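Observations on chain architecture
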Amino acid sequence: MKKIYAYAICNLKEEQGKTKTVFKVNQHKIISIPFKKIALMGENIEKSNIEIGIENLFTHEKIVEKIWEKTSILPVQFGTILKNKKAVKNILQEYYSQFRNKLQELANKTELGVKIFIPKKENTNTNTTHNIFEKKSKNNEENKGTENHTYSLFSQTHNKLLKISIKGKYTVDQDEEHLIYDGSYLIPEANITSFKEVIKKIDTKFPEFQFSLTGPWPPYNFCKLESKPFRKKGGG
Amino acid sequence: MTFENEKLSNEKITLLDLVDRILDKGVILKGDITISVADVDLIYLGLKVFLASVDKAEELREHQWEKMKQGDY
C-alpha cells in the first residue's frame, strides 16, 4: 500500500469526494486528499523515510510554497510520512475543527524572520600581571554597558516589530556565527513593506550589528494547534 | 552593517532560516499512524554544522538557491 509524504494542510473551496492530482514539480506528483472542507496536500511514496539532504529540503520548501501561492496553509514538518490515505483521513477528521480554525487565523498572513548578528571581536588581550585587576574592573564596566546596549536593541526591536505584527517571538542566543537574536513574526501580507521600513530604522540606530530579514515564509512558527482533538467517548 | 569581512551572506542566512523552519517547525502529525524520519535531531545537528561551512554555503548559493528561485526544479 502506498504511503503519503505530507507537505501541507489547506482549505478547500468546496467539499471534494476524491483524491485529486493538483500539480507536478518535476517527478513529484502532488495530490490533495480531502476530508470535508480541508485537505492534506501530499505525494505517494514507496519509502518509509526521507533523507535529510539539501536537495530534499529545497524541494520540500518549493512544493510547500507552491501550495501556499494558491491558498492559506498549515505547513507540515519535513519528513512526515503517513501509512496510507486512510491514515490521512483519520488525522484530518480527528483534528478537523482545529485545522479549520488555525487556517482561518492564518489567512492572508505571512511569517518574516529577523536575525541579528554581532561581529567577531579580535582578541586584543595583552594580560600582564601589573594591570590585570585594572583590566578586570574596566571589562566589567564595559560588559555592563554592552549588556544594556544589547538589551535596548532586543527590546526596541521586538516592541517595534510587534506593533505591526499579529504575533511575534524571539530567542536570544549566541553561537559560533554570532547570532544573538532570532525572531519570527506573523504579519498581515499588507504590512510587509512597513515591516521592512522598521527594520531599516533599527538598523540605522544600531550600526554595529548585522540585521537580516528573511521571508515571506509560510507560517511555520505559528501553526501549532493549541487545543486537543475532539475524541468520542470510548474512542482512542 | 559594519563587519564586511565577517558578514554572513544573505543566502546562508536564508538557508539557516529554511532549515530552522522546515525541520523544527510546522505542523507535527502525531499518532501511531505517523512514521517520522528517524533521529531527526541528530541529523539536524549535523546539518547545522554543515551549514556553518562558508564553502558549502557558496556552493549551495550557486547550485541550489538560484535554481530554486528561478523555478528550475
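Residues numbered from 1 in each chain as written. Chains lettered and ligands numbered in written order. Predicted model: local features only at pLDDT ≥ 70, side-chain atom pairs only at ≥ 80, totals over all residues. Heavy atoms only, no water.

1. A word on the confidence of the model for chain A
All names here are of chain A. Confidence in the prediction for chain A averages 83 pLDDT; 81% of positions are at 70 or higher. Confidence over residues 122–136 falls short of pLDDT 50; this stretch has 5 contacts with residues more than four positions distant or in other chains. Low pLDDT (under 50) marks residues 232–236, which in the prediction has 1 contact with non-local residues, meaning those over four places away or in another chain. (pLDDT = per-residue confidence, 0-100. Contact = heavy atoms within 4.5 Å.)

2. Description of the sheet that holds strand β10 (residues 210–217) of chain A
Residues and elements named next belong to chain A. Strand order across the open sheet formed by 4 strands is β8-β9-β7-β10, with antiparallel pairing between neighbours. Across the chains shown, the open sheet's two edge strands, defined by having one partner strand only, are β8 (167–172) and β10. Pairs of neighbouring strands in the sheet enclose a mean axial angle of 15°, with direction left out of account. As paired elements, strand β7 (residues 109–117) and β10 share 6 bridges and run antiparallel to each other. In the sheet register, Phe 117 faces β10, and the bridge partner there is Gln 210. (Pairing = 2+ DSSP bridges. Helix = DSSP H or I, 4+ residues; strand = E, 2+ residues; numbered from the N terminus. Axes fitted to C-alpha atoms, helices over the stretch in contact; angles between N-to-C directions.)

3. A closer look at the pattern of salt bridges
One pass over the structure, following the stated rule, counts 8 salt bridges over all chains. With a closest N to O distance of 2.9 Å, A:Lys115 and A:Asp182 form a salt bridge. With A:Lys115 in strand β7 and A:Asp182 in strand β9 (residues 179–188), the pair connects residues that are 67 residues apart, well separated along the chain. For A:Lys115, a relative accessible area of 2% translates into the label buried. The residue A:Lys115 makes a salt bridge to B:Asp17 at a minimum N-O spacing of 2.3 Å. One end of the pair, A:Lys115, is in strand β7; the other, B:Asp17, is in helix α1 (residues 10–24), on a second chain. (Salt bridge = Lys/Arg side-chain N within 4 Å of Asp/Glu carboxyl O. Buried < 20%, exposed > 50% of the residue type's maximum accessible area, 1.4 Å probe, protein only.)

4. Structural notes on the side chain of A:Thr214
Summarising the element assignment, A:Thr214 is placed in strand β10. Polar contacts involving the side chain of A:Thr214 include one to the side chain of A:Trp217, which spans 3.0 Å. If near-sequence neighbours (up to four positions away) are discounted, A:Thr214 is found in contact with A:Leu112, A:Gly113, B:Ile13, B:Thr14 and B:Asp17. (Polar contact = N/O pair within 3.5 Å; in protein donor to acceptor, adjacent residues only side chain to side chain.)

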